[in-house]
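The residues making up each chain are set out below.
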Amino acid sequence: MTTLDPRPVILTGDRTTGPLHIGHYAGSLRNRLALQDSHRQFLLLADTQALTDNAHDPAKVRRNVLEVAMDYLAVGIDPAKSTICLQSHLPALAELSMLYLNFVTVARLERNPTIKDEIRQRGFGRDIPAGFLCYPAAQAADITGFRATVVPVGEDQAPLIEQTNEIVRRINAVAGQSILPEAQALIPEAGRLPGIDGRAKMSKSGGNAIALNASPDEIAAAVRAMFTDPGHLRVSDPGCVEGNVVFTYLDAFDPDRAEVEALKARYRVGGLGDTVIKRRLEGILQAMIAPIRARRAALAKDLGYVLSVVREGTERARERTEETKAQVIEALGLFRL
Ligand code: TRP
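Residues numbered from 1 in each chain as written. Predicted model: local features only at pLDDT ≥ 70, side-chain atom pairs only at ≥ 80, totals over all residues. Heavy atoms only, no water.

Caption draft 1: Up close: the side chain of threonine 144. Note that threonine 144 resides in helix H8 (residues 135-145). For threonine 144, the side chain forms a polar contact with the side chain of tyrosine 100, separated by 2.7 Å. Within the structure, threonine 144 has its side chain in polar contact with the backbone oxygen of alanine 140 (distance 2.7 Å). If we ignore the near neighbours within four places in the chain, the residues touching threonine 144 are Tyr100, Thr164, Val168, Leu180 and Thr324. (Helix = DSSP H or I, 4+ residues; strand = E, 2+ residues; numbered from the N terminus. Polar contact = N/O pair within 3.5 Å; in protein donor to acceptor, adjacent residues only side chain to side chain. Contact = heavy atoms within 4.5 Å.)

Caption draft 2: View of empty space enclosed by the protein. The final tally for this structure, using the stated rule, is one cavity of 30 Å³ or more. For the largest cavity, the calculated volume is near 30 Å³. Lining the largest cavity are Gly27, Gly154, Glu155, Ile187, Pro188, Gly191 and Arg192. Counted by class, the lining of the largest cavity contains two nonpolar, three polar and two charged residues. (1 Å grid on protein atoms, 1.4 Å probe; cavity = no way out; pocket = protein on both sides within 12 Å on 5 of 7 lines; lining within 4 Å. Points joined across faces, edges and corners; volume = space filled by probe spheres on them. Nonpolar A, V, L, I, M, F, W, Y, C, P; charged D, E, K, R; others polar.)

Caption draft 3: Molecular detail of the domain arrangement of the protein chain. With domains assigned, the protein chain is organised as domain 1 (9-193 + 303-332) and domain 2 (216-297). Between the C-alpha centres of domain 1 and domain 2 the distance comes to 33 Å. Contact residues are listed per partner, giving 13 residues for domain 1 and 10 residues for domain 2. Between domain 1 and domain 2, the buried area comes to about 970 Å², and carbon and sulfur atoms account for 67% of it. If you sort the residues of domain 1 by the area they bury against domain 2, Ile22, Ala74 and Leu193 come out on top, with a joint share of 50%. Between arginine 296 and aspartate 71 there is a salt bridge, and its shortest N-O distance comes to 2.5 Å. Inspection of the domain 1/domain 2 interface yields four residue pairs in polar contact (both at pLDDT 80 or more). Considered class by class, the residues forming the side of domain 1 that touches domain 2 number nine nonpolar, one polar and three charged. (Domains from an automatic or database assignment. Buried area = accessible area lost by both parts, 1.4 Å probe. Salt bridge = Lys/Arg side-chain N within 4 Å of Asp/Glu carboxyl O.)

Caption draft 4: Main features of helix H4 (residues 91-100). Turning to H4, its buried residues number three or more, namely Ala92, Leu93, Leu96, Ser97, Leu99 and Tyr100. The buried residues of H4 all sit within an arc of 160° when viewed along its axis, so they share a single face. Of the surrounding secondary structure, the elements contacted by the buried residues of H4 are strand E2 (40-46), H8, helix H9 (158-175) and helix H14 (303-332). (Buried < 20%, exposed > 50% of the residue type's maximum accessible area, 1.4 Å probe, protein only. Arc of directions from axis to C-beta.)

Caption draft 5: Representation of the packing of aromatic side chains within the structure. This model, assessed by the stated rule, comprises five aromatic pairs. Between the aromatic rings of phenylalanine 132 and tyrosine 135, the centroid separation amounts to 5.4 Å while the plane-to-plane angle is 70°, which identifies the pairing as edge-to-face. Residue classification places tyrosine 135 among the buried positions, given a relative accessible area of 1%. Measuring from centroid to centroid gives 6.3 Å for tyrosine 249 and phenylalanine 253, while their planes differ by 85°, and the two rings are edge-to-face. (Phe/Tyr/Trp six-rings, centres within 6.5 Å; stacked < 30°, edge-to-face > 60°.)

Caption draft 6: Spotlight on the layout of surface pockets. As a volume, the largest pocket reaches approximately 1,300 Å³. Lining the largest pocket are 45 residues, with Arg15, Thr17, His24, Arg122 and Lys201 positioned closest to its centre. When contributions to the lining of the largest pocket are tallied by element, the ones reaching two or more residues are strand E1 (9-15), helix H1 (22-35), E2, helix H6 (113-122), H8 and strand E4 (150-152). When residues of the lining of the largest pocket are assigned to their parent elements, the largest contribution, six residues, is made by H1. Considered as a void within the structure, the second largest pocket measures approximately 290 Å³ in volume. Lining the second largest pocket are 18 residues; nearest its centre among them are Thr48, Leu93, Ala94, Ser97 and Ala138. Top element by residues in the lining of the second largest pocket is H4. It accounts for five residues. Per-class residue counts for the lining of the second largest pocket are 10 nonpolar, seven polar and one charged.

Caption draft 7: Spotlight on the site of the ligand. Around the ligand, the surrounding shell consists of Leu11, Thr12, Gly13, Arg15, Ala46, Gln49, Gln139, Asp142, Ile143, Val151, Val153 and Gln157. The contact in question runs from an oxygen atom of the ligand to an N or O atom on the side chain of arginine 15, over 3.3 Å. For the ligand, a nitrogen atom lies 2.9 Å from a polar atom in the side chain of glutamine 157. Starting from 370 Å² of accessible surface for the ligand in isolation, the protein chains cover 91%. (Near = heavy atom within 4 Å. Areas by Shrake-Rupley, 256 points an atom, 1.4 Å probe, with all protein chains shown as cover.)

Caption draft 8: Structural detail: the environment of asparagine 172. Along the polypeptide, asparagine 172 turns up in helix H9. Taking relative accessible area as the criterion, asparagine 172 reaches 14% and is therefore assigned buried. In this structure the C-alpha to C-alpha distance between asparagine 172 and alanine 252, which are 80 residues apart in sequence, comes to 39 Å. With near-sequence residues (within four places) excluded, asparagine 172 lies in contact with Gln177, Ser178, Ile179 and Leu180. A polar contact is formed between the side chain of asparagine 172 and the backbone nitrogen of isoleucine 179, at a distance of 3.0 Å. A distance of 2.9 Å separates a polar atom in the side chain of asparagine 172 from the backbone oxygen of leucine 180.

What follows is the structure in structure tokens.
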């Protein structure tokens, strides 16, 4: 059955370290929603990858598995169309990771821009967990384990897809056949959504995120606190649009493009106050988040259902990833007992 489905395969995932926020929504959830009919989509609850920088706190990783699953369902991922599955319960991915580690050098892993950034952000210094340094090989296993050709992710993930394709080419070369397909990153044009304070990365731990289930008060407070243009003191002053988080968010979420451009023009020349643009943004965010929050609250009362979705999805995913593992071992020509 499964192999007869002609739709291209998508694989994406999220580390289960906390509930998702509107940065995830703008960065990849929206793309995943748009593609769940035309593509065969797998969403990976990446709990083993989450351990690569959270080994000291496995409880956090465990607690957030169903949180992320609920976020997926609440934004509209439909389990009848998309498969939600749990990484730690897909042993073929771990086995592929072990094989792939032989097709990548330590120097190449250290040079991966995503890894370099993350090592800096986490302040590992010289104490980098080996699993962390090597997670690009594991992510290559995730992607190729599903034989995915499309990977909707934020732009920070692009180097990981590039490295996946390098591993794919090496394995295909050694196997002497195109056993694994290369994958393409699907990155939203808007770029990464900054935090409400204007810092480049929105994160729960950074305290500058708006959760997908934020309450009306939390949304209001976040918009009130939002970074605009510190030089824009009086309404009549000319204001700067670039780096102004309110406009960045309007660009990401306001469907009325023409109105946003008109507001930018007025803001630039002066005469448009921060309260006006903030009120507009708040209305948009409240309307966007309200139905997500309501669905999430209903799901939280029915964890048995959420669990059954993940269980069934993981079964389906197991079939597919075991198939890939067998193909790779066969193509590499390892001994068969
Ligand atoms: N690295 C991704 C993140 O930090 C999560 C992830 C794990 C992933 N496996 C993946 C993304 C496979 C895309 C494809 O958000």
